[in-house]
Amino acid sequence: MKNIWAPWRMEYVSNPDKDRDCIFCRKFKSRDDETNYVLSRGEHSFILLNIYPYNNGHLMVAPYRHVPDITDLNDSELSEIFKLIKSFKERLKKRLNPEGFNIGLNIGAAAGAGIKDHIHFHIVPRWVGDTNFMPLLSDTKVLSQSLNNLYQLLMSDE
């Protein structure tokens, strides 16, 4: 097996409090949006870059409230979350020109939720052929754009 140098993952894997420290609660409480890759804040929810993306442009939308299930969200939270999803799906389409999108959520560890106690939605831009031989043969995903560059692109007024 080949190794890929990914030092930004060390903070995640070495954090002894990762199971108790909710990334969404921490990032929404912080006001350093650029460092935390927060793209937009609403009254009830916010949207940010996924720093461990499945694909280039992978975004997450979460309510401020720490709740585990979609049934825990009130109508105001749901409405605002879907407005953020709609707005940033269009922004991604304009800036990255993907050919499709995966938009959804995972509820519970059995469904694949990496952060199971704070509900969040994923927006993943997709291109024909974006899943190539690298993940299959070498368990490696290649991303062509840095998070900083993507953040600046999505925040620009173009």
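Structural notes, computed from the coordinates. All values derive from a computational prediction rather than experimental measurement.

Turning our attention to the pairing of strand β2 (residues 45-49). The element β2 is extensively covered by neighbouring structure, given that five of its five residues are classed as buried. Neither face of β2 is open: one carries Ser-45, Ile-47 and Leu-49, the other Phe-46 and Leu-48, and all of them are buried. Where strand β1 (residues 38-41) meets β2, three bridges bridge the pair, whose relative direction is antiparallel. What sits directly across from Ser-40, in β2, is Ile-47. Connecting β1 to the next strand, β2, in antiparallel fashion are three residues. Note: β2 against strand β3 (residues 59-63), five bridges, orientation antiparallel. Each residue of the ladder has a partner; that of Ser-45, found in β3, is Pro-63.

All of the buried residues in helix α5 (residues 147-155) are Leu-150, Tyr-151 and Leu-154. Down the axis of α5, the buried set is contained in an arc of 100°. They therefore lie on one face. In this structure, the buried residues of α5 make contact with β1, β2, β3 and α3 (75-96).

Enumeration over the complete set of coordinates arrives at five aromatic pairs. Their ring planes at 70° and their centres at 5.5 Å tell us that Phe-82 and Phe-121 sit as a pair that is edge-to-face. Taken as a pair, Phe-82 in helix α3 and Phe-121 in strand β5 (residues 121-126) lie far apart in primary sequence, 39 residues in all. Clustering of aromatic rings is evident, with ring pairs tying together Phe-28, Phe-46 and Tyr-64.

As a packed pair, α3 and α5 sit with axes 10 Å apart at the nearest point and diverge in direction by 110°. Put simply, α3 runs roughly perpendicular to α5. On α5, the residues touching Arg-91, Leu-92, Arg-95 and Leu-96 of α3 are Leu-150, Leu-153, Leu-154 and Met-155. A class-by-class count of the residues in the contact of α3 with α5 yields six nonpolar, no polar and two charged.

Each value, and the rule that gives it
- Think of each chain on its own: its residues are numbered from 1, step by step along the sequence as written.
- Whole-chain, interface and lining totals are the exception, using all residues; otherwise, since this is a predicted model, local features are given only for residues with pLDDT of at least 70 and side-chain atom pairs are given and counted only at 80 or more.
- Only heavy atoms go into the side-chain values, all of them from the structure, while hydrogens and water stay out.
- Burial classes: relative accessible area under 20% of the type maximum marks a residue as buried, over 50% as exposed, and values in between as partly exposed (1.4 Å probe, protein chains only).
- Helix and strand assignments come from DSSP, with helices taken as H or I runs of at least 4 residues and strands as E runs of at least 2, each series counted from the N terminus.
- Note: two strands are recorded as paired if DSSP finds a minimum of 2 bridges between them.
- Working note: the arc is built from the helix axis to C-beta atom directions.
- The contact definition used throughout considers only heavy atoms, calling two residues in contact when any of these lie within 4.5 Å.
- Here a Phe, Tyr or Trp ring, Trp counted by its six-membered ring, pairs with any other such ring whose centre lies within 6.5 Å, and the pair is stacked when the planes are under 30 degrees apart, edge-to-face when over 60, and tilted otherwise.
- Axis definition: a line fitted to C-alpha atoms, limited for helices to the stretch in contact. Angles are taken between N-to-C directions and run from 0 to 180 degrees.
- Orientation labels follow simple angle bins: below 35 degrees gives roughly parallel, above 145 gives roughly antiparallel, 65 to 115 gives roughly perpendicular, and whatever is left gives oblique.
- Residue type decides the class: Asp, Glu, Lys and Arg count as charged, Ala, Val, Leu, Ile, Met, Phe, Trp, Tyr, Cys and Pro as nonpolar, and the leftover types, Gly among them, as polar.

Don't take any of this as a statement about function, it's just geometry.
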